Amino acid sequence: DLSNYPAALNDLYTVEGKQYGIAMDYDTIGLWYNKELFDAKGIAYPNENWTWDDLVAAAKAITDPATGTYGITADYADQGGFYNTVPLFGGYIISEDKKTSGFSLDETKAGIQCWVDLMKEGYSPSHASLTENPNYVQFMSGKVGMVMAGDWFATTFASDEAFKDKCDVTYIPMINGKRTSVIHGKANCISAATQYPEAARS
């Protein structure tokens, strides 16, 4: 029953009206946050009404160079980063007809620039730091207030006894009154040439 899945997920495996795979799972992106760092600064936790301006304000408030604490990680991330913000500025990565890149558009650049600005303002660890120690590792160290990351990190965060009760997750902030969360997934497929179609289906 394909109605059990978001249309965008089914579209990943549909070409010219033919379904080539049945989705087995999918992932989404959320805003994870460290409750302890928010509490320490007396800041209300992020929620579904947050805008990007709210995120920037919180990142600024949490950042403390004296303790090496940052408000957010703003590394060069596609699925967990600018893929979610570019559409909100009216840009795109690949055009609908799959023939044109959108990276030269001012709107696309704006969707990336909002992340660059976070790092330029010092609210994020440096690119070199995040290359050495990935964003989720720095988040779990207790030195980063927020990270935008996929739901697949839920197990990683929940399995760390010292950290699991310190973090929570909510919606990605809105930009220009809109919100999006890029999805990706995997599909079960059966070769059309298989000699064992029933076994493959089960």
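Please read these numbers as outputs of a predicted model, since none were measured by experiment.

## A word on empty space enclosed by the protein
Piece 1. Enumeration over the complete set of coordinates arrives at 1 cavity of 30 Å³ or more.
Piece 2. Here the residues of the lining of the largest cavity are counted per class, giving 4 nonpolar, 3 polar and 1 charged.

## Some words on the sheet that holds strand β4 (residues 29–34)
Piece 1. Within the open sheet, the 4 strands sit side by side as β5-β6-β4-β7. Their pairing is mixed. Only two strands of the sheet have a single neighbouring strand rather than two, namely β5 (70–72) and β7 (167–170). Taken pair by pair, the neighbouring strands of this sheet meet at an average axis angle of 25°, ignoring direction.
Piece 2. Relative to strand β6 (residues 144–150), β5 runs parallel, the two sharing 2 bridges. Across the sheet, isoleucine 72 pairs through a bridge with methionine 146, a residue of β6.

## Let's talk about the pattern of salt bridges
Piece 1. Evaluated as defined, the whole model comprises 2 salt bridges.
Piece 2. Ionic pairing is found between glutamate 161 and lysine 164, a salt bridge with its closest N-O pair at 3.3 Å.
Piece 3. For glutamate 161, a relative accessible area of 61% gives the class exposed.
Piece 4. Accessibility expressed as a relative area gives 32% for lysine 164, which makes it partly exposed.

## Regarding the layout of surface pockets
The gaps left among the atoms become clear once a water-sized probe is rolled over them.
Piece 1. Quantified by volume, the largest pocket comes out at close to 750 Å³.
Piece 2. As for the largest pocket, its lining consists of 16 residues, of which Leu12, Ile94, Lys98, Val182 and Ile183 are closest to the centre.
Piece 3. Among the elements of the structure, α1 (7–11) and α4 (78–85) are those that each provide at least two residues to the lining of the largest pocket.
Piece 4. Of the residues contributing to the lining of the largest pocket, the split by class is 9 nonpolar, 4 polar and 3 charged.
Piece 5. By volume, the second largest pocket amounts to about 220 Å³.
Piece 6. Lining the second largest pocket are 17 residues, and of these Asp75, Ala77, Asp78, Gly80 and Asn135 sit closest to its centre.
Piece 7. Contributing elements (two or more residues each) for the lining of the second largest pocket: α4, α6 (127–132), α7 (135–140) and β6.
Piece 8. When the residues that make up the lining of the second largest pocket are grouped by side-chain class, the tally is 9 nonpolar, 6 polar and 2 charged.

## With respect to the side chain of serine 124
Piece 1. Summarising the element assignment, serine 124 is placed in the loop between α5 (106–120) and α6.
Piece 2. For serine 124, a relative accessible area of 5% translates into the label buried.
Piece 3. For serine 124, the side chain forms a polar contact with the main-chain nitrogen of alanine 74, separated by 2.8 Å.
Piece 4. Discounting chain neighbours no more than four positions away, the residues touching serine 124 are Tyr70, Ile72, Thr73, Ala74, Leu118, Met119 and Leu130.

## Points about the packing of aromatic side chains
Piece 1. Under the counting rule described, the total for this entry stands at 15 aromatic pairs.
Piece 2. Between tyrosine 33 and phenylalanine 38 the ring centres are 5.8 Å apart and the planes differ by 70°, which places this aromatic pair in the edge-to-face class.
Piece 3. Classification of phenylalanine 38 by relative accessible area gives buried; the value is 0%.
Piece 4. Centroid distance tryptophan 52 to tryptophan 115: 5.2 Å. Interplanar angle 75°. Geometry classified as edge-to-face. One end of the pair, tryptophan 52, is in helix α3 (residues 52–62); the other, tryptophan 115, is in helix α5, and 63 residues separate them in sequence. Note on accessibility: tryptophan 52 and tryptophan 115 belong to one class, buried.
Piece 5. Chaining the aromatic ring pairs together yields one cluster made of Trp32, Tyr136, Phe139, Trp152, Phe153, Phe157 and Phe163.

The rules behind each value
Residues numbered from 1 in each chain as written. Predicted model: local features only at pLDDT ≥ 70, side-chain atom pairs only at ≥ 80, totals over all residues. Heavy atoms only, no water. 1 Å grid on protein atoms, 1.4 Å probe; cavity = no way out; pocket = protein on both sides within 12 Å on 5 of 7 lines; lining within 4 Å. Points joined across faces, edges and corners; volume = space filled by probe spheres on them. Nonpolar A, V, L, I, M, F, W, Y, C, P; charged D, E, K, R; others polar. Pairing = 2+ DSSP bridges. Helix = DSSP H or I, 4+ residues; strand = E, 2+ residues; numbered from the N terminus. Axes fitted to C-alpha atoms, helices over the stretch in contact; angles between N-to-C directions. Salt bridge = Lys/Arg side-chain N within 4 Å of Asp/Glu carboxyl O. Buried < 20%, exposed > 50% of the residue type's maximum accessible area, 1.4 Å probe, protein only. Polar contact = N/O pair within 3.5 Å; in protein donor to acceptor, adjacent residues only side chain to side chain. Contact = heavy atoms within 4.5 Å. Phe/Tyr/Trp six-rings, centres within 6.5 Å; stacked < 30°, edge-to-face > 60°.

Limitation: the analysis is restricted to geometry and does not speak to function.
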